[in-house]
Amino acid sequence: MLKLFAVVLLLSGVALATDNYDGYKIYDVKASNAFEKQILLRLSANEDYDFFDLPRSLEAPSRVMVKPADQEGFEHLLEKYSLDFSVVSEDLGVSLRQEREENQNQRLMNLRSAGRSISFTAFHRHAEINAYLDELAAAYPSRVTVEVAGKSYENRDIKTITITNGDGKTGKNVIFLDAGIHAREWIAHAGALYVIHQLVENFAANSDLLKNFDWIILPVVNPDGYEYTHTSTRMWRKTRKPISSACYGTDANRNFDFHWGEVGASSYSCSDTFKGETAFSEPETQILRDLLLGLSGRGKFYLTLHSYGNYLLYPWGWTSALPSNWRDNDEVAQAGAEAIRSATGTKYTVGSSTNVLYAAAGGSDDYAFGVANFPVSITMELPAGGTGFNPSTSQIQSFVAETWLGIQAMAKKVAEKF
Ligand code: 0X9
Ligand code: ZN
């Protein structure tokens, strides 16, 4: 009986949900001049404050999550330096609990009813995502291949799906898409799954995108972190390899060996932007590196999905200088932004990472561009939902459909050029 109870709890996810964000507040803090921005930057270096988005070159507010014990001190500092702020969520714990329950219901409903292991009405677990890839490989053997690219630190299979039009031609140019470098950015994983769904299960409508290109998609770069956000700590960002007795995980998007650690990355292992003990210290970034390097010459478009903020970013992320072919990247990104804007009105900001967001070295985008020779390399930051990383399950379908319009337009622009 006890065993059955445990199984039921496990299936419903209740036994696994150990995080507690009770009383956590989320603030929007605005810096309205250079001095205030400096203050905000200093605050963002304090690990007690979880900056969802770092202070940017634009004067948009920064969103910060603060646990109950630190709130008084945080508000005191904001007042001392006269920084404008508002409280976006008074108690994150309440909303996250409701959302977790809603997601479990949607997941289980889908698993009971559908022929596929995933849907776009829930955020799915890593095992379900991998099962979906295998289902497609079995159902469409002439167009789909699924491979295990390697294992995560906690021994999970990191799978890629290669999608072709089945014409048997080898050596085509490649569009490489990944998601889930950052664990908590769940809409990114869903976005990659929707691209897979469209290219495979809606092939007839999208066959032009597969004429001269094969697509290789890695929907969950960081499965350990992703699972951890489902089972324990919803706002986890990094990988999960222990670094010190107190701190786990490396920011995979600071771990690539290209100007590694030069700017916008932390040497402190507890930091959310920890660059790792060495470049490529993480099995997950090694796997992505090897996939990218293996495509040298064929890889024309690298697209990495993140959230949030509605950005289409191109190199460089480590310097404010622009690469010589930045116009190609800009044209592709503008095509994506324009397709989305004209369809739904959603606005994306387009530009180089450093110039429109912030400088941060060791990102996968700079590595794909600067080392693996992808001539177009774009980070797409999908829109915010909830307080940022937590759109409701009912928002997934419209977010991923909109994202797909942008990706289609970018792929078409790349096909015109290469
Ligand atoms: O900081 C990041 O890694 C990305 N933003 S996120 O909020 N998803 O964490 C932006 C990365 C842009 N690219 C580089 N800086 N190389
Ligand atoms: Zn991210």
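On a predicted model such as this, the values are computed, not experimentally measured, just so you know. (Residues numbered from 1 in each chain as written. Chains lettered and ligands numbered in written order. Predicted model: local features only at pLDDT ≥ 70, side-chain atom pairs only at ≥ 80, totals over all residues. Heavy atoms only, no water.)

Draft legend 1. Main features of the packing of helix α6 (residues 186–201) against helix α13 (residues 393–417). At a minimum axis separation of 9 Å, α6 and α13 run at an interaxial angle of 65°. As for how α6 packs across α13, the hand of that crossing is right-handed. Across the interface between the two elements, Ile187, Ala190, Gly191, Tyr194, Val195, Gln198 and Leu199 from α6 touch Ile396, Gln397, Phe399, Val400, Ala401, Trp404 and Ile407 from α13. Among the residues forming the contact of α6 with α13, the class breakdown is 11 nonpolar, three polar and no charged. (Axes fitted to C-alpha atoms, helices over the stretch in contact; angles between N-to-C directions. Helix = DSSP H or I, 4+ residues; strand = E, 2+ residues; numbered from the N terminus. Left-handed = near helix turned anticlockwise from the far one by under 90°. Contact = heavy atoms within 4.5 Å. Nonpolar A, V, L, I, M, F, W, Y, C, P; charged D, E, K, R; others polar.)

Draft legend 2. Inspection of the site of ligand 1 at higher detail. Taken together, the neighbourhood of ligand 1 is formed by 16 residues, with Arg237, Arg254, Tyr358, Asp365 and Glu381 sitting nearest. The separation between a nitrogen atom of ligand 1 and a polar side-chain atom of glutamate 185 is 3.0 Å. Interatomic distance of 2.5 Å between a side-chain N/O atom of tyrosine 358 and an oxygen atom of ligand 1. Notes on ligand 1: free accessible area 420 Å², of which the protein chains cover 98%. Its residues placed into classes, the shell around ligand 1 shows four nonpolar, seven polar and five charged. (Near = heavy atom within 4 Å. Polar contact = N/O pair within 3.5 Å; in protein donor to acceptor, adjacent residues only side chain to side chain. Areas by Shrake-Rupley, 256 points an atom, 1.4 Å probe, with all protein chains shown as cover.)

Draft legend 3. Structural view of the state of the cysteines. The final tally for this structure, using the stated rule, is one disulfide. A disulfide bridge connects cysteine 247 with cysteine 270, and the sulfur atoms are separated by 1.8 Å. Between cysteine 247 and cysteine 270, the disulfide has an S-S torsion of 90° and is therefore right-handed. Placement of the pair is cysteine 247 in the loop between α8 (223–231) and α9 (283–294) and cysteine 270 in the loop between α8 and α9, with a sequence separation of 23 residues. (Disulfide = S-S within 2.5 Å.)

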